[in-house]
Amino acid sequence: MIGVLSRRFGQRLFATIPQRTILRGYVTKYTESHEWIKIDKNIGTVGITDYAQKELGDIVYVEVPEVGIETEPDTPVGVVESVKSTSDIYSPLTGEIVEANQNVVNKTKLINTAAESDGWLFKVKFSSQEEVEKLLDEKQYKDLIGNDH
């Protein structure tokens, strides 16, 4: 079976791609630079991990990326500054920034209290499933930081 087979049921389109996983619903992945990304279809919501916020300490300044910019992995798109240090924020995937969380700019403590939920930083629209597959899953990330965290 080559290509994409699709059938219409009402207004929904279902697709099958041989030997390939299509992410549907929410999947959370991680980077070695301590960002998390929650995938929902072709939009990824990005923030720093709870481990990263604990290591940084009290967050005092956040710079989120501008909506509309194009980004790629390992390119800084924002900054998080704490009482201890300043860290660049990277986009885990190639794509376009489609939303930035201004709440964290005005209430930086959101990152300390809800790093992996309300403290998200930006949303990126992506198209490369291969890039998603290269990111760390939860077990790989816990192995990276040590399972006791």
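Criteria and cut-off values
Residues numbered from 1 in each chain as written. Predicted model: local features only at pLDDT ≥ 70, side-chain atom pairs only at ≥ 80, totals over all residues. Heavy atoms only, no water. Helix = DSSP H or I, 4+ residues; strand = E, 2+ residues; numbered from the N terminus. Buried < 20%, exposed > 50% of the residue type's maximum accessible area, 1.4 Å probe, protein only. Contact = heavy atoms within 4.5 Å. Areas by Shrake-Rupley, 256 points an atom, 1.4 Å probe, with all protein chains shown as cover. UniProt positions renumbered as here; feature names shortened; annotations may be inferred. Polar contact = N/O pair within 3.5 Å; in protein donor to acceptor, adjacent residues only side chain to side chain.

1. Quick notes on the overall build of the protein chain
- Within the protein chain one finds five helices and 11 strands.
- Across the 149 residues of the protein chain, 38% fall into the buried class.
- Taking all contacts inside the protein chain whose residues are at least 6 apart in sequence as the whole, residues at least 24 apart take part in 57%.
- Counting only carbon and sulfur atoms, one obtains 47% of the accessible surface of the protein chain, whose full area is about 9,100 Å².

2. Description of the UniProt feature "modified residue: N6-lipoyllysine" (unreviewed entry) in the protein chain
- Within this structure's numbering, the places UniProt gives as "modified residue: N6-lipoyllysine" (unreviewed entry) are Lys-84.
- Mapped onto the secondary structure, Lys-84 falls in the loop between strand 8 (76-82) and strand 9 (86-90).
- With near-sequence residues (within four places) excluded, Lys-84 lies in contact with Lys-54, Glu-55 and Leu-56.
- Of the polar contacts made by the side chain of Lys-84, one reaches the backbone oxygen of Glu-55; its length is 3.4 Å.

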